[in-house]
Amino acid sequence: MEEITNVMEYEEIAKKKLPKMVYDYYASGAEDQWTLAENRNAFSRILFRPRILIDVSKIDMTTTVLGFKISMPIMIAPTAMQKMAHPEGEYATARAASAAGTIMTLSSWATSSVEEVASTGPGVRFFQLYVYKDRNVVSQLVRRAERAGFKAIALTVDTPRLGRREADIKNRFVLPPNLTLKNFEGLDIGTMDKANDSGLASYVAGQVDRTLSWKDVQWLQTITSLPILVKGVLTAEDARIAVQSGAAGIIVSNHGARQLDYVPATITALEEVVKGAQGRVPVFLDGGVRRGTDVFKALALGAAGIFIGRPVVFSLAAEGEAGIRKVLQMLRDEFELTMALSGCRSLSEITRNHIVTDWDAPRAALPAPRL
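This one's a predicted model, so the numbers in the text were calculated from it and none came from an experiment.

Scoring rules and cut-offs
- Residues numbered from 1 in each chain as written.
- Predicted model: local features only at pLDDT ≥ 70, side-chain atom pairs only at ≥ 80, totals over all residues.
- Heavy atoms only, no water.
- Helix = DSSP H or I, 4+ residues; strand = E, 2+ residues; numbered from the N terminus.
- Rg over C-alpha atoms; globule rule 2.2 N^0.38 Å.
- Buried < 20%, exposed > 50% of the residue type's maximum accessible area, 1.4 Å probe, protein only.
- Contact = heavy atoms within 4.5 Å.
- Areas by Shrake-Rupley, 256 points an atom, 1.4 Å probe, with all protein chains shown as cover.
- Pairing = 2+ DSSP bridges.
- Right-handed = clockwise from strand over helix to strand, strands pointing away.
- UniProt positions renumbered as here; feature names shortened; annotations may be inferred.
- Polar contact = N/O pair within 3.5 Å; in protein donor to acceptor, adjacent residues only side chain to side chain.
- Expected span 1.5 Å × (residues − 1).
- Bend = angle between axes of the 7 residues up to and from the residue.
- Core = buried A, V, L, I, M, F, W, Y, C linked by side-chain atoms within 4.5 Å.
- Axes fitted to C-alpha atoms, helices over the stretch in contact; angles between N-to-C directions.
- Parallel < 35°, antiparallel > 145°, perpendicular 65-115°, else oblique.
- Left-handed = near helix turned anticlockwise from the far one by under 90°.

## Thoughts on the overall build of the chain
Part 1 of the reasoning: The helix and strand tally for the chain stands at 13 helices and twelve strands.
Part 2 of the reasoning: Against the globule reference of 21 Å for 371 residues, the chain gives a C-alpha radius of gyration of 20 Å, in line with a compact fold.
Part 3 of the reasoning: Counting only C-alpha atoms and orienting by the principal axes, one finds that the chain spans roughly 75 × 50 × 40 Å.
Part 4 of the reasoning: Across the 371 residues that make up the chain, the buried fraction comes to 55%.
Part 5 of the reasoning: When contacts within the chain are restricted to residue pairs at least 6 apart in sequence, those whose partners lie at least 24 apart make up 72%.
Part 6 of the reasoning: Of the roughly 16,100 Å² of accessible surface on the chain, 52% is carried by carbon and sulfur atoms.

## Overview of the pairing of strand E9 (residues 249–252)
Part 1 of the reasoning: In E9, alternate side chains face the same way, and those of Gly249 and Ile251 on one face and Ile250 and Val252 on the other are all buried.
Part 2 of the reasoning: Pairing between strand E8 (residues 228–233) and E9: four bridges, direction parallel. Directly across from leucine 229, in E9, lies its bridge partner glycine 249.
Part 3 of the reasoning: Traced from E8 through helix H10 (residues 236–244) to E9, the parallel crossover comes out right-handed.
Part 4 of the reasoning: For E9 and strand E10 (residues 283–286), the ladder comprises three bridges, and the chain directions are parallel.

## Digging into the UniProt feature "active site" (unreviewed entry) in the chain
Part 1 of the reasoning: In the numbering used here, UniProt assigns the feature "active site" (unreviewed entry) to His255.
Part 2 of the reasoning: Within the secondary structure layout, histidine 255 lies in the loop between E9 and helix H11 (266–277).
Part 3 of the reasoning: Look at histidine 255 and you get buried, because its relative accessible area is 12%.
Part 4 of the reasoning: The residues contacting histidine 255, other than those within four sequence positions of it, are Tyr130, Thr156, Asp158, Thr159 and Arg165.
Part 5 of the reasoning: Side-chain polar atoms of histidine 255 contact the side chain of tyrosine 130, separated by 3.4 Å.

## With respect to the UniProt feature "binding site: glyoxylate" (unreviewed entry) in the chain
Part 1 of the reasoning: In the numbering used here, UniProt assigns the feature "binding site: glyoxylate" (unreviewed entry) to Tyr25, Arg165 and His255. These annotated residues cover 231 residues of sequence, and their C-alpha atoms all fall within 13.1 Å of one another, placing them together at a single site.
Part 2 of the reasoning: Of note, arginine 165 is situated in the loop between strand E7 (152–156) and helix H7 (166–171).
Part 3 of the reasoning: Within polar-contact distance, the side chain of histidine 255 engages the side chain of aspartate 158 at 2.8 Å.

## Remarks on the pairing of E7
Part 1 of the reasoning: Along E7, five of the five residues are buried, which leaves the element largely enclosed by surrounding structure.
Part 2 of the reasoning: Going residue by residue along E7, you find Ala152, Ala154 and Thr156 tucked away on one face and Ile153 and Leu155 tucked away on the opposite face as well.
Part 3 of the reasoning: When strand E6 (residues 125–129) meets E7, the two strands line up parallel, connected through four bridges. Among the inter-strand pairings, leucine 129 is bridged to a residue of E7, identified as leucine 155.
Part 4 of the reasoning: As for the winding sense of the linkage, the β-α-β connection from E6 through helix H6 (residues 135–147) to E7 is right-handed.
Part 5 of the reasoning: Pairing of E7 with E8 involves four bridges; the strand directions are parallel. What sits directly across from threonine 156, in E8, is lysine 231.

## Overview of the side chain of serine 245
Part 1 of the reasoning: Mapped onto the fold, serine 245 is located in the loop between H10 and E9.
Part 2 of the reasoning: A polar contact is formed between the side chain of serine 245 and the backbone oxygen of isoleucine 241, at a distance of 2.8 Å.
Part 3 of the reasoning: If we ignore the near neighbours within four places in the chain, the residues touching serine 245 are Trp214, Val217, Gln218 and Gln221.

## Looking at helix H13 (residues 310–342)
Part 1 of the reasoning: End to end, H13 covers just 27 Å across 33 residues, shorter than the expected 48 Å (1.5 Å per residue, more than 12% under).
Part 2 of the reasoning: The sharpest bend along H13 comes to roughly 135°, located at glutamate 319.

## What to know about the nonpolar core
Most often, soluble globular proteins keep nonpolar side chains buried together rather than apart.
Part 1 of the reasoning: Residues Trp109, Leu129, Ile250, Ile267 and Phe335 are the most contacted members of the largest nonpolar core, which totals 106 residues.
Part 2 of the reasoning: Per-element accounting of this core gives the leading share, 13 residues, to H13.
Part 3 of the reasoning: Core analysis: the next-biggest nonpolar cluster, separate from the first, contains twelve residues, Ala77, Ile103, Phe126 and Phe307 among them.

## Some remarks on the packing of helix H12 (residues 292–300) against H13
Part 1 of the reasoning: With their axes 7 Å apart at the nearest point, H12 and H13 run at an angle of 60° to one another. Put simply, H12 runs oblique to H13. Seen from above, H12 lies across H13 with right-handed handedness. The residues of H13 that touch H12, namely those facing Gly292, Thr293, Val295, Phe296 and Leu299, are Leu331, Glu334, Phe335, Thr338, Met339 and Ser342.

So, in structure tokens, the structure goes:
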């Protein structure tokens, strides 16, 4: 097999290796999948304004997220049911993230439990939470995540109902029989069974609370001292309310284009959300990042860091833990090169002036400095 030289190449390998039902579950978006394509395409409408003749012999990519120092502003988003991709599933992801010195977010719907993931060794980990109708289940889960040493809760807020993912309907998607949603094992709630459409859609309809509202964000703060990241914000209005509701941070996300189709790409919505947050909490970007150039563009538009989802499951399917390590290393190397070629030596030097977008007003030429 010839050498893999970029993140995108893993998707083709995963497609060949995985059963159709599994690949389609990971790869597809909602309905027409317009937003799925747009999450990628929107990055190509942002161009660089590199600054030259700056000493870039030393480049520092380290940053701090909720007080935790990480090696780079590239983190792992929550993706469900990773053992469908590879037998080691979330264990491999946890080890790869830890080795890279970055943060992994574990999905509520993981095929490994919070305790199992914690047992892989040290590392900063966040826990993604779906709020179930049974609030005792929610309280138990949050307590277990705390006890297992997870450092934050990423509350998914864009899924009162599951988006219409037609591939899953056609495939009658269901969790393979050898796997379980480990965090819910032994709890008396429904399982994901074969349904007339998507087994996951039926499961969500039965279990996930459609009444979820801002007051529940405040309720969560009464049951945990962990910081809460609100994941799924796309507007300035909701950014403001998130801040007022006590969120410790915001993740701009459209759920990998799997929920409401025809929402903007997250990179397009990012700047609006950053303005709405008014610098009071960090804003992160989730969705469409496949290159180090994408990471730079997100930071130039005000993101404090980014999360990758599909690249993790595709590289996991292709090469297990080694695949995820390679994805993190490739993105790191590309991002470092982008910084160097743009004339930025640290994240604080990446500014809005380093990019131009197709929604910018035409730029008036600044007078040349007198030398």
